[in-house]
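Working through the structure, step by step
So you can see what is in the structure, the chains are spelled out below.
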Amino acid sequence: MALPAIRALRQVDRLTVAAPAWGRALYGHLDVHLVPRGTVPAADAGVLFPPSFRAAWEARRLPRRIGERTDLRGWLLTDVLPRSTGHRAEGYTALVGVLGAAVEGPPTLPVPEGDPGVPDGHLALVPVSPSGEPVMWRGFEQLGRNCRWPVVVYTGPGESWPTGLPTRHALPIPDLMRALVRARAVVSNDSGVAHLARALGVRTLVVHGSTVAERTGAAGSEAIVGPSLPCMPCYAKRCSVGGAPCLDIGVDRVEHVLYRL
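These numbers come from a predicted model, not from an experiment. (Residues numbered from 1 in each chain as written. Predicted model: local features only at pLDDT ≥ 70, side-chain atom pairs only at ≥ 80, totals over all residues. Heavy atoms only, no water.)

1. Description of helix α4 (residues 88-97)
Defined as follows: A simple rule labels every residue: compare its accessible area, found with a 1.4 Å probe on the protein chains alone, to the largest value its type can have, and call it buried under 20%, exposed over 50%, or partly exposed in between. Note on conventions: DSSP H or I runs of at least 4 residues are helices, E runs of at least 2 residues are strands, and numbering of each starts at the N terminus. To obtain the arc, one takes the directions from the helix axis to the C-beta atoms.
All buried positions along α4 are accounted for by Gly 91, Tyr 92, Leu 95 and Val 96. Buried positions in α4, seen along its axis, are confined to an arc of 130 degrees and lie on one side of it.

Now the structure itself:
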């Protein structure tokens with residue numbers, strides 16, 4: 001979600017990005033200086049994309065600290081913006097706008113070269129999430145078994161999904177990118193992989209439970225939303241009412257959308 005904002009900042013000035021180890025795969029093509037997450041090099045200003053207190057505390061010695069008023073950290077910021085109530089990408093746009101950066105277009109990524117070792121034209125399924133039960137639709141396995149195309153399941157580090165369907169586990173980001181661009185379509189929970197697929201131009205369908213597309217959906221993805229409940233959207237890792245009824249979405253409904261993408 002932050003790619004367009006980072007791209008816009010780089011057009012304004014030299015840029016250092018503090019990111020996890022996978023940052024090079026996402027930001028390396030933008031000609032930025034990458035440092036490990038938690039590192040705060042000397043700079044004129046810091047744009048704090050994470051809304052956490054930790055991010056503001058780590059940046060406290062920078063001359064300017066630009067961020068949203070969240071997590072009781074307003075006193076650590078020099079340029080304080082109200083918390084965005086729209087899509088998170090809109091909040092990022094507002095943050096970099098403080099420095100005169102103009103954001104244009106959706107997230108895009110170049111495709112790494114190489115053979116991903118997956119069938120061309122497969123259905124990519126992303127059924128697992130660290131956010132837990134409230135975002136993990138229960139119909140992924142049946143959807144995969146019904147599918148008329150080859151199917152590959154993608155899981156991340158520390159994740160498991162016991163099924164007989166072909167699975168690629170914990171692929172490095174460049175390998176995951178190579179694999180996703182071979183997919184005919186991606187069906188995913190509301191996760192980073194959905195955003196990655198859309199940035200690569202892959203048709204993507206996102207099944208939403210406790211989350212809403214208007215806040216965290218992948219740009220240009222097709223959204224399927226469950227029953228409307230008073231507790232939605234909660235963005236919680238545990239369902240307060242039990243069983244995540246927000247994800248009571250039939251496989252036939254998802255198939256109907258999938259085959260017309």
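2. With respect to unusual backbone geometry
Across residues other than glycine, the phi torsion is negative in most instances, and most of the peptide bonds are trans. Of note, the bond from Met 232 into Pro 233 is cis; its omega dihedral lies within 30 degrees of zero at -15 degrees. In this fold, Pro 233 is placed in the loop between β11 (222-225) and α9 (251-258). The backbone of Asp 31 sits at a positive phi, close to 60 degrees, despite the residue not being glycine. By secondary structure assignment, the location of Asp 31 is in the loop between α2 (23-27) and β2 (33-36).

3. Focus: the state of the cysteines
Convention followed: Note that a disulfide, as used here, is simply two cysteine sulfur atoms within 2.5 Å.
Taken as a whole and assessed by the stated rule, the structure comprises zero disulfides. Summary of cysteine pairing: Cys 231 is not part of a disulfide, and the nearest cysteine sulfur, belonging to Cys 234, is at 6.0 Å.

4. Observations concerning the packing of helix α6 (residues 173-180) against helix α7 (residues 192-199)
The description of two helices packed together rests on the angle between their axes and the distance between the axes. The criterion, for reference: With axes taken as lines fitted to C-alpha atoms, and helix axes fitted only over the stretch in contact, angles between N-to-C directions fall between 0 and 180 degrees. Any angle from 65 to 115 degrees is called roughly perpendicular, while one under 35 is roughly parallel, one over 145 is roughly antiparallel, and all others are oblique. Put simply, a crossing is left-handed when the front helix is turned counterclockwise from the back one by less than a right angle, and right-handed when it is turned clockwise. Here, residues are in contact when the closest pair of their heavy atoms is within 4.5 Å. Any residue outside Ala, Val, Leu, Ile, Met, Phe, Trp, Tyr, Cys, Pro, Asp, Glu, Lys and Arg is labelled polar, Gly included; the first ten of those are nonpolar and the last four are charged.
Here α6 crosses α7 at 60 degrees, and the two axes come no closer than 10 Å. In terms of their interaxial angle, α6 and α7 are classed as oblique. The interaxial crossing formed by α6 with α7 has right-handed handedness. Here Leu 176, Met 177 and Leu 180 of α6 come into contact with α7, specifically with Val 193, Leu 196 and Ala 197. Of the residues in the contact of α6 with α7, the class split is six nonpolar, no polar and no charged.

5. Some details on the nonpolar core
The test is simple: We call a set of buried Ala, Val, Leu, Ile, Met, Phe, Trp, Tyr and Cys residues a nonpolar core when their side-chain atoms join them within 4.5 Å.
Grouped together as the largest cluster of nonpolar side chains are 40 residues, with contacts concentrated most on Tyr 27, Phe 49 and Leu 180. Of all the elements, helix α1 (residues 3-12) adds the most residues to this core, at five residues. Here Phe 49 is in contact with Ala 2, Ala 5, Ile 6, Tyr 92, Leu 95 and Val 96, once residues within four sequence places are set aside. Counting residues in hydrophobic clusters, the runner-up holds 25 residues, among them Phe 140, Trp 161, Cys 246 and Ile 249.

6. Re the pairing of strand β6 (residues 122-126)
Let me state the cut-off plainly: Here the rule is simple: two strands pair whenever DSSP picks up at least two bridges between them.
Across the five residues of β6, five count as buried, placing the element largely inside the fold. Residues of β6 alternate between two faces, with His 122, Ala 124 and Val 126 on one and Leu 123 and Leu 125 on the opposite face, all of them buried. As defined by bridge partners, β6 adjoins strand β7 (residues 151-155) across three bridges and the pair is classed as parallel. Each bridged residue has a counterpart across the sheet, and for Ala 124 the counterpart in β7 is Val 152.

7. A short note on the sheet that holds strand β3 (residues 46-47)
Pairing is parallel across the open sheet formed by three strands, whose spatial order is β3-β4-β5. Each edge of the sheet is formed by a strand with only one pairing partner; in this case those strands are β3 and β5 (79-81). For strand β4 (residues 65-68) and β5, the ladder comprises three bridges, and the chain directions are parallel. When the sheet's bridge partners are listed, Ile 66 is paired in β5 with Asp 79.

8. Observations concerning the pattern of salt bridges
What counts is decided by this rule: Here a salt bridge means any side-chain nitrogen of Lys or Arg lying within 4 Å of a carboxyl oxygen belonging to Asp or Glu.
On inspection of all chains with the given rule, the structure shows nine salt bridges. The partner of Arg 64 in a salt bridge is Asp 79, with the nearest N and O atoms 2.8 Å apart. Of this pair, Arg 64 sits in the loop between α3 (53-58) and β4 while Asp 79 sits in strand β5, placing them 15 residues apart in sequence. The class for Arg 64 is partly exposed, based on a relative accessible area of 31%. Asp 79 gets classed as buried once you look at its relative accessible area, which sits at 18%. Between Arg 260 and Glu 222 there is a salt bridge, with its nearest N and O atoms 3.6 Å apart. One end of the pair, Arg 260, is in the segment after α9; the other, Glu 222, is in strand β11, and 38 residues separate them in sequence. Sharing partners across several salt bridges, the network here consists of Asp 115, Asp 120 and Arg 182.

9. Points about the packing of aromatic side chains
Inclusion rule: Each pair of aromatic rings taken from Phe, Tyr and Trp, with Trp reduced to its six-membered ring, is defined by centres within 6.5 Å and is described as stacked if the planes are under 30 degrees apart, edge-to-face if over 60, and tilted in the remaining cases.
Applying the stated criterion across every chain, the model contains five aromatic pairs. On the basis of an interplanar angle of 15 degrees and a centroid distance of 6.3 Å, the ring pair of Phe 53 and Trp 57 is categorised as stacked. Highlighted residues: Phe 53 and Trp 57, both in helix α3, separated by four residues, approximately one helical turn. Using a relative accessible area of 39% as the deciding quantity, one classes Trp 57 as partly exposed. Relative to Tyr 259, the ring of Trp 149 has its centre 5.2 Å away and its plane inclined at 85 degrees; by these criteria the two rings are edge-to-face. Of the two residues, Trp 149 sits in the loop between α5 (140-146) and β7 while Tyr 259 sits in the segment after α9, which places them 110 residues apart along the sequence. According to the relative accessible area criterion, Tyr 259 is partly exposed, its value standing at 26%.

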